[in-house]
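Survey of secondary and tertiary structure
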Amino acid sequence: MKKAHWLFPLSGAAYGFAFWYLIDYRWEDDYLLASLMTFIAALAYCSWFAIGVRRLRDDLAVTFVLPTLAALQVLAFQHLVGFDHTDDAAIFGLLACQAFWVGGAVAIWRIWGPLQTTVLPNYPDRAALVPEIWSIKLALAFGLVGVGVVWPVLYALSSLFMLVGIDQIWDLISEAYVAMPLSGAAFATGILIAREKSGLLIPVRQVIGGMFRILYPIQALGLFLFLIAAALGGWEVLLDQEFGVWWTVMAAAAGLSYLLFGAVQAGEGVTLFGRIGDRVFRFTLWMAPIFALIAMATIYIRVREYGLTPSRIYAIWAAVFVLMATIWLSVAAFGCRQSTPVSLRRAFGHIAICGTLTAFIIHLPLLDPVSISARNQQSRLLSMADWDKADLSFIARNLGMPGEKALAELDAAKPDTVPPLAELRSYIDPDAGRMMVEIDNIPVYPAEYRVPGEAVTRLLEAQLEYDRRFCRKEGSGTGTPDQCALLLVDLDGDGMEEAAFFTARDYVDIYRYEVADDDWQIVTSFFHGQNEIDHAAMLRDLADGNFKAVSPRYSDLLIGGVQWGQYR
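The text that follows walks through the structure, step by step, so that each part is easy to find. Nothing here was measured: the structure is a model prediction, and the numbers come from that model.

What describes a pair of aromatic rings is the distance from one ring centre to the other and the angle between the planes of the rings. Summed over the entire model, instances satisfying the criterion amount to 18 aromatic pairs. An angle of 40 degrees between the planes, with centres 5.9 Å apart, marks the rings of Phe-77 and Phe-83 as tilted. Phe-83 gets classed as partly exposed once you look at its relative accessible area, which sits at 24%. Judged by centre distance (5.0 Å) and plane angle (75 degrees), the rings of Trp-101 and Phe-360 are edge-to-face. Linking Trp-101 in helix α4 (residues 88-111) with Phe-360 in helix α13 (residues 340-361), this pair joins segments that are 259 residues apart in sequence. Taking the relative accessible area as the measure of exposure, Trp-101 reaches 5% and is therefore buried. Judged by its relative accessible area of 25%, Phe-360 falls in the partly exposed class. Taking the ring centre of Trp-109 as reference, the NZ or CZ of Arg-54 above it sits at 3.9 Å. For Lys-137, the ring lying beneath its charged end belongs to Trp-134, and the centroid distance is 3.7 Å.

Given below as structure tokens:
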């Protein structure tokens, strides 16, 4: 491969240019855009990691077959489900699974069968898959480092030329059609260095393994204390939380397993934490399955009430996979005939293979989460006497073409019951009025301002939607005033107020209303000048009008019709 080093930066530049072309080109029909970009990304990855492993013919076959399968899977999803009116979670999950199974397949290819290089393990041991995956991850990280090094150097050199009046160099390399090939070349060069100097990755992996061996007991102790607190009366509170609690619980199980995945990937010691430490460690492995079961319980509560959705199907798959994987690790640790690190590495190798197959299978035609959700929602509604229009609207808005088919079959089952698609997709759930109540309960000071009222409402609904979640005191009713306030005050002297949304935090973002764009933009942030905030007093002062803009105030300049504004 040494004679072909120049192919790495050249291929990186070519892939970068291809991405720029696909993104920038004005497609009349972008039907193939997602699958083409998937093919290019997978082809780049495979060409950098799958070539040079065995015979060139076999490597090239893998390099083209895997990206083709990934692109065809995306194309099949788009043909059978579509990207329009489809839940964003399903589209993100589709693309994430393509990256996962292609990456896993290449790692398996690199450790499987007779090899042509001494850089890789010379045996198809499943345990070798764990350090190989970490080596690939580190090589990708070196690629990012390459990009992070090249651009500061280019900017510094361009700045020198700017000092003598030559601005064209920076203007050229900052153009997208030049910048993306340069970034691709730098990224590929970083991967090349990591592959050619693979011996340097071993101490890096050992350092990571050492860090994770320290973090694992800390994480395990924290989760053990959490389970004790839950057992002493917190189970009901936990299970009554919103559906999103599964993310937190699942992250606890997956995070603990991931720390173990990093801890076992380096070093050939007989024990992982010492002989006594390994005995204690084996009993910590039961915590991850318990957290996975808790996550499954929280998911089941929502599925029982509202049926399946794409995000819930992903949650179920993830919970079942984590549960099975953590049980597998427990069996490997307790029944190991070899040293604990080797047994766990072999178990993780089998888990990685199963995860790769699972990521590929779950998006095969008719097995994707959108199609399954559409069939489940259809069956759920058919079992009900009355259909909620909000449920029909969810199917029309989030389940793509399978949802359209389900609505057509529901309409055939009960004629004149299902409204037209356009009406369902524009339907506003009356329960959404609760959001408007929340908005109405947020005081706006002063009572009169020059900013259009609909723009203020849009600011609260869009940019401040997340911040509004933390306004209401726990246990307060919908009629209780929120513990936030929106202040409209002219801070830059342009005659139009800026917006400051005050919460219990010690900082506030300042939004400026752009009349030409009819949109809000963050221009700066203010920080509280004291250690503690008297929140109640601050709200009273705002209500009483006890506020004013003080210097320094900064205004924009208009010189010869050209606007000069400060960088904020």
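Moving on, there is more to tell.
The tally for this structure, following the rule as stated, stands at eight salt bridges. With its nearest N and O atoms 3.0 Å apart, the salt bridge here joins Arg-55 to Asp-58. We note a salt bridge from Asp-391 to Arg-380, for which the minimum N-O separation is 3.5 Å. With a gap of eleven residues between them, Asp-391 in helix α15 (residues 389-398) and Arg-380 in helix α14 (residues 369-382) connect regions that are remote in the sequence. Residue classification places Asp-391 among the buried positions, given a relative accessible area of 18%. The exposure class of Arg-380 is buried, given its relative accessible area of 16%. Within the structure, one salt-bridge network assembled from shared partners comprises Arg-55, Arg-57 and Asp-58.

Formed by 41 residues in total, the largest nonpolar core has its most connected members in Tyr-216, Leu-256, Leu-260, Phe-291, Leu-329, Leu-344 and Phe-348. Secondary-structure elements contributing two or more residues to this core are α5 (129-163), α8 (201-239), α9 (245-263), α11 (287-306), α12 (310-334) and α13. With nine residues, α9 is the single largest residue contributor to this core. In this structure, Phe-291 is in contact with Leu-223, Phe-226, Leu-227, Val-249, Ala-252 and Ala-253, ignoring residues within four places of it in sequence. Core analysis: the next-biggest nonpolar cluster, separate from the first, contains 40 residues, Ala-42, Leu-66, Val-102 and Ala-139 among them.

With that out of the way, let us pick up the pairing of strand β5 (residues 519-527). As paired strands, strand β4 (residues 507-514) and β5 are joined by eight bridges and run antiparallel to one another. Among the inter-strand pairings, Tyr-507 is bridged to a residue of β5, identified as Phe-527. Taking the residues between adjacent antiparallel strands as the criterion, β4 and β5 are bridged by four residues, where Asp-518 takes a positive phi near 50 degrees.

Cut-off values and rules
Residues numbered from 1 in each chain as written. Predicted model: local features only at pLDDT ≥ 70, side-chain atom pairs only at ≥ 80, totals over all residues. Heavy atoms only, no water. Phe/Tyr/Trp six-rings, centres within 6.5 Å; stacked < 30°, edge-to-face > 60°. Buried < 20%, exposed > 50% of the residue type's maximum accessible area, 1.4 Å probe, protein only. Helix = DSSP H or I, 4+ residues; strand = E, 2+ residues; numbered from the N terminus. Lys NZ or Arg CZ within 6 Å of the ring centre and 35° of its normal. Salt bridge = Lys/Arg side-chain N within 4 Å of Asp/Glu carboxyl O. Core = buried A, V, L, I, M, F, W, Y, C linked by side-chain atoms within 4.5 Å. Contact = heavy atoms within 4.5 Å. Pairing = 2+ DSSP bridges.

Nothing here speaks to function; it is all geometry.
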